[in-house]
Protein chains: 2
Amino acid sequence: MSGDHYANLTILESFELYAAKSGEELVNEQLYHFVDRGERKVAIRPEMTPTLARLVAGKFMELPKPIRWFSIPNLWRYEKPQKGRLREHWQLNIDVLGGERSMADAETLLFAHELIRSFGGDSHLDMRINHRGLMDQFFGSLGLASDQAHLVTKAIDAKDKIGIEKFHKWLGDLGLGTAEISKIDSFFNEGFEVVAGKFAGPAVDEVKKLFERLDDLGLRGSYRFDPSIMRGLNYYTGTVFEIYDTHPDNRRAMFGGGRYDNLLGLFGKNQLSGVGFGMGDVTLEDFLRIHDLVPDLSAALDVWVGVPDRAHFKPAQDIARRLRAEGLSVGVSLDEAGFGIQIKQALKMGARYALLFGEEEWKNGKVVLKNLAKNEQLVVEASEAANVIQAKN
Amino acid sequence: MSGDHYANLTILESFELYAAKSGEELVNEQLYHFVDRGERKVAIRPEMTPTLARLVAGKFMELPKPIRWFSIPNLWRYEKPQKGRLREHWQLNIDVLGGERSMADAETLLFAHELIRSFGGDSHLDMRINHRGLMDQFFGSLGLASDQAHLVTKAIDAKDKIGIEKFHKWLGDLGLGTAEISKIDSFFNEGFEVVAGKFAGPAVDEVKKLFERLDDLGLRGSYRFDPSIMRGLNYYTGTVFEIYDTHPDNRRAMFGGGRYDNLLGLFGKNQLSGVGFGMGDVTLEDFLRIHDLVPDLSAALDVWVGVPDRAHFKPAQDIARRLRAEGLSVGVSLDEAGFGIQIKQALKMGARYALLFGEEEWKNGKVVLKNLAKNEQLVVEASEAANVIQAKN
């Protein structure tokens, strides 16, 4: 997904934006909202999709379709901090608007898979897919009104956490009889083939087509149908999915997303269906840690450049600039000192090399390069320093 | 300044953090603060330096010195949007803590200069430098108490905007007599040599040393002493500076910063002097626009990959992945269609090339590359596509 636009948007939105479509749990319990100094009710954005839809709707005509956007916003939820959930977190958002639906859905899931593959972790993924339209059909078959169906989805969302007994009691409390509860149980157990036979129609066709696409893309065995995936947000209308870590000690969804058909229409006269997901920084970090896949992000310097005296501050800065242009990570000393002190400083900074020179070396175009791990040093042409450091990488 | 740490910090801070040290104007008039759902008085950060100082103080022992940090936070001010001032803006922050003072000051200014040089705009810079310690000496010589001196700095800050007459009236209203006002006038007109002679001492020595360093670094002629530079923030104690655009239609400071000796001490027992600046996204954009230096940031695609049919969605995604690995910007079609429609789509997306294939090409390992500007096409080995596209860059 190159060639995409990076969307940088304000962190504050009107309270109403979320009240409209994000879902009651999010708004009532989790929205970080307040009254500003101008007496307006505002919220720090808890998610990016409504903002994205507003922005796309605003420049709809000038954007060639399909639109592929990503953003990495900081988001806020008002909740007690707990493992994997901080008040402020950063979230990668990927959205594709337009294009053939199953291709866009499949590409979005492929992107998530490849992202984790780039860390070497794709064998630990469990991609669970469902469809809101199919669930609407199923709830309709139970004779549930849409209000009641909505309450049932909350119970389904909680099912794995609370266990089957409490789940049944919850459904009973919502007014469902034994027959309906038993139908729900079998719906969750009979697998996609049986469900697809019972609820043949456009939603099932869409799921089938997506599964075929995923097979085409080599993802057979990486995904499964899971009717318990509901997603808490009200604006999803088609495919919904969550991607889990298979590790038993890390059971939170890392990715969550789905297809929204009607979100753009809230902000203008143009409709365009989109699909997208969010991936949180904390859940990704938990995943990488538990599988020991955290890349080396240490800020260790390749080389620390010493400054012998005032006259050689500029030469030191100049050589640092040239080394940086070669892609090296370089620090320059901010103290004038002899070789011994500069080497101590280079060690303290965790640099691999110390680059040192005095009047004598400099006027001959030479520098001293000291490999700090090996405790070896050699004198090289200043213009050769980058090559020596890179060769020994 | 490579090898630096990227500091990602929360956007919310306690109101008191700014009440303590950022200066009354900022807190009373410009702070975006509110009462949160837990009845705490909080603020969206209006600047980064106090947050940085808190963070550095918190891990003081484990950080090797000098500490060079950068961050690009989103910041908020509560004010009427006007040219160059939005409520939310992004700001590059560069800070150096520790090191010999004049070297760190000089490196910080050099970094600002090189940043603008990388856009080709360094000949349009006016670096204005002052010193808080020198100003304290000067105000002391006028017999001003520190409260009164603080009010005088507000008048000095406004001097260029309001003109000399209103400036004199303001000073008179603050209780200054003709003698003091006349001393202030000459102080602003007599240049650094004379001022340095009158107020010899550590502050003047520090400014002299910094100027020598800047000369050493080749910046003579790019900077000047300007006693009207005060900076609104109370925590500065040494060098203060602002960097202006020389263009007469763009008179706002692009960079502003200075040295703070006592900020870390607010958050722990360790003291460490630091120097840093902020550079706003909007003022940079104004500068680049007015000098016609905005780089080409168009998200144009190098190549648009067509998808002939369902069986070739994966080959299309695979070739896109390989082209991206070569550094190309690639989009894949999300519609299955023949060459004609794919070419139309590639044109609509603004791609330079369309990469097309059908069953026939693919089984022979070939693709069709169409140069859309020249309306020329050739058939190449799929593995050669990246080279062809890059060669014609």
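Above this note sits the structure.
Below is a summary of the structure that appears in this document.

Cut-offs used in this document
Residues numbered from 1 in each chain as written. Chains lettered and ligands numbered in written order. Predicted model: local features only at pLDDT ≥ 70, side-chain atom pairs only at ≥ 80, totals over all residues. Heavy atoms only, no water. Phe/Tyr/Trp six-rings, centres within 6.5 Å; stacked < 30°, edge-to-face > 60°. Helix = DSSP H or I, 4+ residues; strand = E, 2+ residues; numbered from the N terminus. Buried < 20%, exposed > 50% of the residue type's maximum accessible area, 1.4 Å probe, protein only. Contact = heavy atoms within 4.5 Å. Buried area = accessible area lost by both parts, 1.4 Å probe. Salt bridge = Lys/Arg side-chain N within 4 Å of Asp/Glu carboxyl O. Polar contact = N/O pair within 3.5 Å; in protein donor to acceptor, adjacent residues only side chain to side chain. Nonpolar A, V, L, I, M, F, W, Y, C, P; charged D, E, K, R; others polar. Least-squares fit on C-alpha atoms with pLDDT ≥ 70 in both. Arc of directions from axis to C-beta.

1. Considering the packing of aromatic side chains
Thought 1: Summed over all chains, the structure comprises 31 aromatic pairs over all chains.
Thought 2: Pairing Tyr235(A) with Tyr260(A) gives two aromatic rings, centres 6.2 Å apart and planes at 85°, and the pair type is edge-to-face. Pair noted here: Tyr235(A) is in the loop between β9 (223-225) and β10 (239-245) and Tyr260(A) is in strand β11 (residues 253-260), with a separation of 25 residues, a long-range link. An identical accessibility class is assigned to Tyr235(A) and Tyr260(A); each is buried.
Thought 3: Between Phe138(B) and Phe199(B) the ring centres are 5.9 Å apart and the planes differ by 85°, which places this aromatic pair in the edge-to-face class. Of this pair, Phe138(B) sits in helix α5 (residues 132-141) while Phe199(B) sits in the loop between α9 (191-198) and α10 (202-216), placing them 61 residues apart in sequence. This pair shows no difference in class: Phe138(B) is buried, exactly as Phe199(B) is.

2. What about the interface of chain A and chain B?
Thought 1: Taken residue by residue, the interface counts 72 residues in chain A and 72 residues in chain B.
Thought 2: Here chain A meets chain B over a buried area of about 5600 Å², counting both sides, of which 54% is carbon and sulfur.
Thought 3: When the buried surface of chain A facing chain B is broken down by residue, Arg37(A), Met103(A) and Leu334(A) rank first, second and third, together holding 14% of it.
Thought 4: Counting across the chain A and chain B interface gives eight salt bridges.
Thought 5: At the boundary of chain A with chain B, the tally comes to 18 residue pairs in polar contact (both at pLDDT 80 or more).
Thought 6: Tallied by class, residues from the side of chain A that touches chain B come to 31 nonpolar, 18 polar and 23 charged.

3. Concerning the side chain of His131(B)
Thought 1: Here His131(B) shows up in strand β8 (residues 125-131).
Thought 2: In contact with His131(B), not counting residues within four places along its chain, are Ala203(B), Glu206(B), Val207(B), Thr237(B), Gly238(B), Thr239(B) and Val240(B).

4. Describing the relation of the copies chain A and chain B
Thought 1: Superposing chain A onto chain B requires a rotation of 180° together with a translation of 0.0 Å along the rotation axis, leaving an RMSD of 0.1 Å. In symmetry terms, the pair is related by a two-fold rotation axis. The C-alpha atom lying nearest the rotation axis in chain A is that of Phe34(A); the distance is 3.6 Å.
Thought 2: Both copies share a contact surface, since 100% of the interface residues of chain A are interface residues in chain B too.

5. Overview of helix α9 (residues 191-198) of chain A
All names here are of chain A.
Thought 1: Listing the buried residues of α9 in full gives Phe192, Val195 and Ala196. Down the axis of α9, the buried set is contained in an arc of 100°. They therefore lie on one face. Residues of α9 that are exposed and angled more than 90 degrees away from the buried face: Glu193, Gly197 and Lys198.
Thought 2: The elements touched by buried residues of α9 are α5 (132-141), α8 (178-189), α10 (202-216) and β9.

6. Side note on the side chain of Asn130(B)
Residues and elements named next belong to chain B.
Thought 1: Within the secondary structure, Asn130 sits in strand β8.
Thought 2: For Asn130, a relative accessible area of 1% translates into the label buried.
Thought 3: Here Ile229 takes part through its backbone oxygen, which lies 3.0 Å from a polar atom of the side chain of Asn130.

7. Digging into the pattern of salt bridges
Thought 1: Enumeration over the complete set of coordinates arrives at 50 salt bridges over all chains.
Thought 2: Salt-bridge contacts for Arg54(B) lead to Glu13(B); the nearest nitrogen and oxygen are separated by 2.6 Å. Placement of the pair is Arg54(B) in helix α3 (residues 49-58) and Glu13(B) in strand β2 (residues 12-14), with a sequence separation of 41 residues.
Thought 3: A relative accessible area of 7% places Glu13(B) in the buried class.
Thought 4: Between Glu190(B) and Lys198(B) there is a salt bridge, with the nearest N and O atoms lying 2.9 Å from each other.
Thought 5: With a relative accessible area of 22%, Glu190(B) lands in the partly exposed category.
Thought 6: Bridged by salt links that share partners, the residues Glu114(A), Arg117(A), Lys314(B), Asp318(B) and Arg321(B) form one connected network.

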